[in-house]
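Commentary on secondary and tertiary structure
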Amino acid sequence: MLRARLLFLFVLAVSAPAFAQNASKKPLDAATYDIWKSVRNLTLSNNGKWAMYTLALQDGDATVEIKATDGSKSYTIERASPAVFSEDSRFVVATIVPKSEDVKKAKRAKTKPEDMPKNGLTILNLETGQRTDMERIASFGIAPHDCGWIVYKPEPPKAAPKSEAKPEERKPEEKKPGVKPDHKAGDLYVLRNLASGKEEKLESVAATIWSKDGTVLAYSVSTANGAGDGVVVEDVKRGTRRPVVTAIGKYSKLTICDTTKDLAFATDKDDYQAKKPAISIYVYRSVDGKLTKVDTSTLTAGFVPSENGRLQFSEKGTRLIFGVAPKPVEEKKDDTPDDEKVSVDVWNWQDPQMMPQQLLQAASERNRTYDAIYDTSTGTVVQIENPHLRTVTIGAKGDGDTALGSSNEPYMKESSWGDGRFDYYTVDLLNGKATPILKAFAGSVSLSPAGRYAYGYDLVAKDFLCIDLHTGKRVSLSKGIPEPVYDEENDVPALADAYGAAGWTANDAGVLIYDRYDVWLVDPTGTAKPVNLTRGIGRATSTDLRLERLDREEESVDLSKPVLFGAFNERSKQAGFYKLSKGELTKLFMVDKGFGPGPALTPIPAIVKARDAEEYAYQQMDVKVYADAWLADADLKNPRKISDANPQQKDYNWCTAELVSWTGNDGQPLQGILYKPENFDSSKKYPMITYYYEKLSDSLHQYYSPAPSASTINISMYCSNGYIVFVPDIPYKVGYPGESAMSAIMPGVQSILARGYIDPKRLGLQGQSWGGYQTGYLVTQTNMFAAACAGAPVSDMISAYGGIRWGSGVSREGQYEHGQSRIGGSLWADPLKYIENSPIFYVDKIHTPLLIMSNDKDGAVPWYQGIEYFSALRRLSKPAWLVSYNDEDHNIVQRKNRKDWSIRMQQFFDHYLKGAPMPVWMAEGIPATMKGKTYGFDLVPGTEKK
């Protein structure tokens, strides 16, 4: 076993004779996984004077780095998670987690929870550099806009052994008669001023909540004997403390209105002695200290307040929204012995949802609640949601006079196969009456921020619809937009989605609609013509322009101020930013870079801004340069890099990337990416692996850190070890997904072969999930490839069609009729297409060795799809291997298994594409009797492939 573990660490480096490497640079191997770092959680202080980010190992301890944006100072906090700036930008407060190695050792030693390594807390003064460290701190709380205070919870002291107990130690509080056995005492919390260090102990606290501005802290108290139970409000700005209520009971769901500082909570104090006490809702007025119990007698018959529901004030405090549910019915005692109880699921054809979906949602359905509103001025209560109208949204952050309700109840059954529709209603907030405004609507509808309009995209009409909820007037928002507002390249057998909306201007005056490239300002009344805010520059240059929401708290877009747009050019793959100011659109920059923290299919840049200063932060990368943190001033000038996550990269052979073009078999121009080793030599012949999914050329500038794979090849790792990797785009024709892949991939591979530096006898294929299906299909149609690897492939569309996606409990039918599998019809309507596109029917034609990964807990592609394929290949004596990780889902989660798969996949390709010896697991297999005792990574002499 020890030998196997040692092999695990370096087998990638020795599994095959590597191509000649640059003498000064090493090829990447498995050991490099653990030294590569990533930059995460990039943020700026409100005043823009400080930037902070986390520098994290893939498996190990993280470090928070804090740097002055003028370059004058920097600080490092080891193992900080999470870390936050204070509102005044003077402090950083962070939890300090234990060393990961210490936690691992303790777990292996089966240490008791109370003896496990504990978190700590640190407070860093950014002005002086003084740092206050505290050990054994369970958690801390800070308001979104604090006023200089935090509250933290120390770990309870370890209980002394009974023999060491001192006589003078205080005895635990004894419970009074009538106090329930499960009535638990709260914990010690500490209120601390960041600047002065002044602290105040809060005893027996069960829960805390800050007001948004951090001036008010509310907390519930729970004492062992019940005598001190209640709720307390502390005004830290004024230095006052006021008990709201004192009575035995449980107090939960504390919520504060950020405008009025009123408090609400749920409690069982009025019915505490009952077996299942009823929940009451109370509202405390800060202005006069009045405590009012919400009268819920007007709720729908049989409904009562629920502890599981939300409790939330509207922004101005005019309403309190709380959850209600049917009154619990006491279940009859079942005396049936466990060995006689039957466990059975009954599937009924009339069920609105399939049984697996019901089972997955059973717990949430049992705890489901429905919203009711309490008018804080009149004291009236109206229930606005019910089992037939489960979702109601109130405009103007809960203060509006209109509400929008939606229900898919009549269409739940048909949604199982992808035909989802909704009914939409206006809801009268005075009596809860719902009036239909849209029936059987295919698309989603939302409320405008101020609540005057309901708007959404009609999938059938390919149109944005807007309804004035005051007058009932309906307007087409996209009628005056001359370009399509729907996906122009939609290639699935479903109604095309919209490009989306960027948001609304203040007071619902206008809505911003996207076409493929540009942004349009549309009048929701239909009076004024749409205005192209981006002046058509996006379409003229094939550049996608998308609004950057720099202030996440702002609901509306203020066009009177400069607005930033992220930009991505579809042809060149450049990305950058444009600015709209006073009606003029200006390009700030476009570069051959990618922006963002990591792999993403959406190439539009991401950026953050300091709230009170013209200071910006972003992560910038290309295939050769990691996505380090960068800062920039107004108009994104004076860019400067502030992190250096992976300086060790200079010691390793890396990869390059170039955009390539060719023509598909159907005459369509296509793009893809060709990755080469950094030390590429055009006079050599290289093995090439083709990897694909759908369209990935937009990721031209994506950086790939060497890391153990969840399913696919790691491009940097393979290029570093002498492979060329080709990533082609694939457009699809409905009904012919397999043929579409062939039509795009094969001429693409041929175009690369024509360059002369690829060995045509050493070609490989690799794909996962949808890519795994395409791999499984391609090897039935061509013998061009020397080896292929398919992760989680569908091999039999007929057996898969009627299966279940176990992760969601939904039938797979919709995926084939309307989704990614792109058949476009049911099994009985188009049976031949299911046969033609299923690799299982053509297994006898395969001559390509195939490695399959199918995991036994895959919730997306049924495990048996891989088994079907492997069983057929095995029967026909076709070289095939099936790797199945126990208790793993569609993509591998556990790092140890990711490492294992990465080794096996590369050993497989190294044998067939580089001629390396076979490992034991390929040559001889691993019998079940040896499971867990050997990995079979050892190479077998004499099995080299010529």
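Reading the values: the criteria
Residues numbered from 1 in each chain as written. Predicted model: local features only at pLDDT ≥ 70, side-chain atom pairs only at ≥ 80, totals over all residues. Heavy atoms only, no water. Buried < 20%, exposed > 50% of the residue type's maximum accessible area, 1.4 Å probe, protein only. Helix = DSSP H or I, 4+ residues; strand = E, 2+ residues; numbered from the N terminus. Pairing = 2+ DSSP bridges. Salt bridge = Lys/Arg side-chain N within 4 Å of Asp/Glu carboxyl O. Expected span 1.5 Å × (residues − 1). Contact = heavy atoms within 4.5 Å. pLDDT = per-residue confidence, 0-100. Phe/Tyr/Trp six-rings, centres within 6.5 Å; stacked < 30°, edge-to-face > 60°. Arc of directions from axis to C-beta. Axes fitted to C-alpha atoms, helices over the stretch in contact; angles between N-to-C directions. Core = buried A, V, L, I, M, F, W, Y, C linked by side-chain atoms within 4.5 Å. Polar contact = N/O pair within 3.5 Å; in protein donor to acceptor, adjacent residues only side chain to side chain. Parallel < 35°, antiparallel > 145°, perpendicular 65-115°, else oblique. Nonpolar A, V, L, I, M, F, W, Y, C, P; charged D, E, K, R; others polar. Lys, Arg positive; Asp, Glu negative; His and termini not counted.

Moving on, we come to the pairing of strand β30 (residues 453-458). Consecutive residues of a regular strand have side chains that alternate between opposite faces of the sheet. Taken across its six residues, β30 has six buried, putting it largely inside the fold. Bridge count between strand β29 (residues 445-447) and β30: three bridges; the pairing is antiparallel. Of the residues in β30, the one forming a bridge with S446 is Y455. Between the end of β29 and the start of β30, which pair antiparallel, lie five residues, with G451 showing a positive phi angle near 85°. In the sheet, β30 pairs with strand β31 (residues 463-468) via six bridges, with the strands oriented antiparallel. Residue D458 lies in a different strand from β31, and its bridge partner there is D463. Counted along the chain from β30 to the antiparallel partner β31, the turn is four residues long, and its residue K462 has a positive phi close to 55°.

So, on to the pattern of salt bridges. Working definition: two side chains of opposite charge can pair if their charged atoms are close together. Applying the stated criterion to the full structure yields 52 salt bridges. One salt bridge in this structure joins D59 and K104, with 3.3 Å as the shortest N-O distance. Taken together, the residues D59 in the loop between β2 (50-57) and β3 (63-68) and K104 in helix α2 (residues 100-108) connect sequence positions 45 residues apart. When its relative accessible area of 28% is taken as the criterion, K104 is described as partly exposed. The partner of R755 in a salt bridge is E658, and the shortest N-O contact between them spans 3.2 Å. Residue R755 is found in the loop between α6 (737-753) and β51 (758-768), and its partner E658 is found in strand β47 (residues 655-663); the two are separated by 97 residues along the sequence. A relative accessible area of 26% means that E658 is categorised as partly exposed. Here the salt bridges share partners, and the residues they tie into one network are E483, E488, E489, D515, R516, R539, E570 and K695.

Here we come to helix α3 (residues 355-366). If you check α3, its first and last C-alpha atoms are 15 Å apart, about what 12 residues at 1.5 Å a residue would give, namely 16 Å. For α3, every residue scored as buried is listed here: M355, P356 and Q357. Buried positions along α3 lie against β53 (804-805) and β54 (810-811).

Among the structural elements, G807 can be located in the loop between β53 and β54. Taking the relative accessible area as the measure of exposure, G807 reaches 60% and is therefore exposed. Apart from residues lying up to four places away in sequence, G807 is in contact with L360 and G859.

The next subject is the confidence of the model for the protein. Per-residue confidence for the protein gives a mean pLDDT of 93; residues scoring 70 or more make up 95%. Confidence drops under a pLDDT of 50 for residues 1-21, and excluding neighbours within four residues, the segment shows 50 contacts in the predicted structure.

With the rule as written, the count across this model stands at 36 aromatic pairs. Ring geometry for F265 and Y282: centres 5.8 Å apart, planes at 10°, overall stacked. Within this pair, whereas F265 is found in strand β17 (residues 263-267), its partner Y282 is found in strand β18 (residues 280-284), the two being separated by 17 residues in sequence. Summarising the burial analysis for this pair, F265 and Y282 share the class buried. Each ring, one from F577 and one from F595, has its centre 5.5 Å from the other, and the planes form 75°; the classification is edge-to-face. Here F595 lies in strand β42 (residues 594-595) and F577 lies in strand β40 (residues 575-581), a separation of 18 residues in the sequence. Through pairs of rings, three or more aromatic residues link up here, namely Y718, Y723, W881, F908, F909 and Y912.

Quick look at helix α11 (residues 863-875) now. With 13 residues, α11 should cover 18 Å at 1.5 Å per step; its first-to-last C-alpha distance of 19 Å lies within 8% of that length. Residues of α11 that are buried include every one of Q865, G866, Y869 and L873, and no others. Looking straight down α11, one finds that the buried residues subtend no more than 95° of arc, so they occupy a single side. Exposed residues pointing more than 90 degrees away from the buried face of α11 are listed as R874 and R875. On its buried face, α11 is in contact with α7 (770-781), α8 (797-801), β55 (850-853) and β56 (880-883).

A few words now on the sheet that holds strand β41 (residues 584-591). Ordered in space as β37-β39-β40-β41, the four strands form an open sheet in which the pairing is antiparallel. The sheet is open, and its two edges are formed by β37 (543-547) and β41, each paired on a single side. Strand-to-strand twist of the sheet, defined as the mean angle between neighbouring strand axes without regard to direction, takes the value 25°. Two strands pair when backbone bridges link them, and β37 and strand β39 (residues 563-569) are joined in this way by five bridges, in the antiparallel orientation. Paired with L545 across the bridge in β39 is A567.

Moving on: the nonpolar core. Counting 59 residues, the largest nonpolar core has W901 and F909 as its most contacted members. Of the residues forming this core, the biggest block, seven residues, is contributed by helix α12 (residues 895-914). Formed by 48 residues, the second largest nonpolar core is a distinct cluster that contains Y686, A788, V794 and A800.

Next up on the list: unusual backbone geometry. Note the cis peptide between S81 and P82, where omega equals -5°. Checked against the element boundaries, P82 lands in strand β5 (residues 80-85). Even without glycine at this site, R136 takes up a positive phi of about 55°. Given the relative accessible area of 29%, R136 is considered partly exposed.

By the secondary structure assignment, K253 is in strand β16 (residues 251-256). K253 gets classed as partly exposed once you look at its relative accessible area, which sits at 33%. Note: C-alpha distance between K253 and I281 (28 residues apart in sequence) is 9.5 Å. At a separation of 3.1 Å, a polar atom in the side chain of K253 contacts the main-chain carbonyl oxygen of G309.

On to the packing of α6 against α7. Between α6 and α7, the least distance of the axes is 9 Å, while the angle of their chain directions is 80°. In terms of axis orientation, α6 runs roughly perpendicular to α7. For the pair α6 and α7, the contacting residues are P737, G738, E739, A741, M742 and I745 in the first and W770, Y773, Q774, Y777, L778 and Q781 in the second. Looking at the contact of α6 with α7 residue by residue, the classes come out as eight nonpolar, three polar and one charged.

So, about the side chain of D463. Counting through the fold element by element, D463 comes out in strand β31. For the buried D463, no salt bridge exists, and the shortest N-O distance to an oppositely charged side chain is 9.0 Å, to K479. Engagement of the side chain of D463 in a polar contact is seen with the side chain of S478, the distance being 2.4 Å. Beyond its immediate stretch of four places on either side in the chain, D463 contacts G456, Y457, D458, S476, L477, S478 and K479.

Reading across the sheet, the four strands line up as β25-β26-β27-β28 and stay open at both edges, with antiparallel pairing between neighbours. Both edges of this open sheet fall to β25 (391-394) and β28 (434-441), since each of them pairs with a single strand only. Between one strand axis and the next, the sheet turns by 20° as a mean value, whatever way the strands run. With four bridges connecting them, β25 and strand β26 (residues 403-407) associate as antiparallel partners. When the bridges of β26 are listed, I394 appears paired with A403.

Quick look at the side chain of T54 now. With respect to the helices and strands, the residue T54 is situated in strand β2. Judged by relative accessible area, which is 12%, T54 ranks as buried. When sequence neighbours within four positions are dropped, the list of residues in contact with T54 reads S38, V39, R40, N41, A62, T63 and V64.

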